[in-house]
Amino acid sequence: MAKNFLVLNGPNLNLLGTREPGIYGGQTLDDIYTRLRAVAQENNASCEVFQSNHEGELVERIHQARGCVDYIIINAGAYTHTSVAIRDALAAVSVPFIEVHISNVYKREAFRHHSYLSDIAEGVIVGLGVYGYEAALLYALGK
């Protein structure tokens, strides 16, 4: 049976490719999405993507995943460090998820060292650049 994946991205990730390329690299969010969709298709799976700079929209999309998504891959951006609402939404829908961060947050400002999501995540991928998304998808595919 084909698996359905949802890739969620939080605030400012729409600026990938131009935003602080020394930290986040030169690939755009569309580049990442193209690669993930190809990997999913190669494995008879589907991969839906969603990005928002608004916390409530991310919460709504998590709610919509209930019962129709097998796995969530989420880079909540700055909301990782601030959003109890996103944590509660992820816990409420009971969809397993992997938290992804492009940069190594532990090499950055101290406020980035705490995540409201990590302790309920299936796994956390930090600092592997945009490959972290693909690594999360491959794990979720059972590769």
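If you look the protein up in an unreviewed UniProt entry, it shows as 3-dehydroquinate dehydratase from Alcaligenes endophyticus. Looking at the protein in UniProt, the text filed under Sequence similarities (unreviewed entry) is "Belongs to the type-II 3-dehydroquinase family." One UniProt comment on the protein, placed under Subunit (unreviewed entry), says "Homododecamer."

Help me get a handle on the UniProt feature "site: Transition state stabilizer" (unreviewed entry) in the protein, residues and values and all.
Within the UniProt annotation, "site: Transition state stabilizer" (unreviewed entry) is assigned to Arg 19. Its place among the elements puts Arg 19 in the loop between strand S1 (4-9) and helix H1 (21-24). Contacts of Arg 19, omitting those with residues within four sequence positions, involve Asn 12 and Tyr 24.

Now, about the pattern of salt bridges: what can you tell me, with residues and values included?
Counted under the stated rule, the structure contains 3 salt bridges. Put simply, Arg 35 and Glu 134 hold a salt bridge, and the shortest N to O gap is 2.9 Å. Of this pair, Arg 35 sits in helix H2 (residues 29-42) while Glu 134 sits in helix H5 (residues 131-141), placing them 99 residues apart in sequence. A relative accessible area of 38% means that Arg 35 is categorised as partly exposed. Judged by relative accessible area, Glu 134 falls into the buried class, the value being 15%. In this structure, Glu 48 and Arg 61 form a salt bridge, with 2.8 Å as the shortest nitrogen-oxygen distance. With Glu 48 in strand S2 (residues 46-51) and Arg 61 in helix H3 (residues 55-65), this residue pair connects regions lying 13 residues apart in the sequence. By relative accessible area, which is 7% here, Arg 61 ends up buried.

Which residues make up the pairing of S1, and what values go with them?
Across the 6 residues of S1, 5 count as buried, placing the element largely inside the fold. Sheet topology places S1 next to S2; 6 bridges connect them, and they run parallel. When the bridges of S2 are listed, Leu 8 appears paired with Phe 50. Across 5 bridges, the pairing between S1 and strand S3 (residues 71-75) is parallel.

Break down the UniProt feature "active site" (unreviewed entry) in the protein for me, with residues and values.
In the numbering adopted here, UniProt assigns the feature "active site" (unreviewed entry) to Tyr 24 and His 101. Spatial clustering of the annotated residues is evident: they stretch over 78 residues in sequence, but the largest pairwise C-alpha distance comes to 9.6 Å. Among the structural elements, Tyr 24 can be located in helix H1. Not counting the four nearest positions on each side in its chain, Tyr 24 is found in contact with Leu 16, Arg 19, Ile 102, Ser 103, Arg 108 and Val 130.

Explain the nonpolar core to me, and be specific about the residues and the numbers.
Counting residues in each nonpolar core, the largest one holds 27 residues, and the members touching the most others are Val 7, Tyr 133 and Leu 137. Those elements that provide at least two residues to this core are S1, H2, S2, S3, strand S4 (97-101) and H5. Setting aside anything within four residues of it in sequence, one finds Leu 137 in contact with Phe 5, Leu 36, Val 39, Ala 40 and Ile 73. Counting 19 residues, the second largest nonpolar core, distinct from the first, contains Leu 6, Ile 62, Ala 65 and Leu 90.

Reading guide: rules and limits
Residues numbered from 1 in each chain as written. Predicted model: local features only at pLDDT ≥ 70, side-chain atom pairs only at ≥ 80, totals over all residues. Heavy atoms only, no water. UniProt positions renumbered as here; feature names shortened; annotations may be inferred. Helix = DSSP H or I, 4+ residues; strand = E, 2+ residues; numbered from the N terminus. Contact = heavy atoms within 4.5 Å. Salt bridge = Lys/Arg side-chain N within 4 Å of Asp/Glu carboxyl O. Buried < 20%, exposed > 50% of the residue type's maximum accessible area, 1.4 Å probe, protein only. Pairing = 2+ DSSP bridges. Core = buried A, V, L, I, M, F, W, Y, C linked by side-chain atoms within 4.5 Å.

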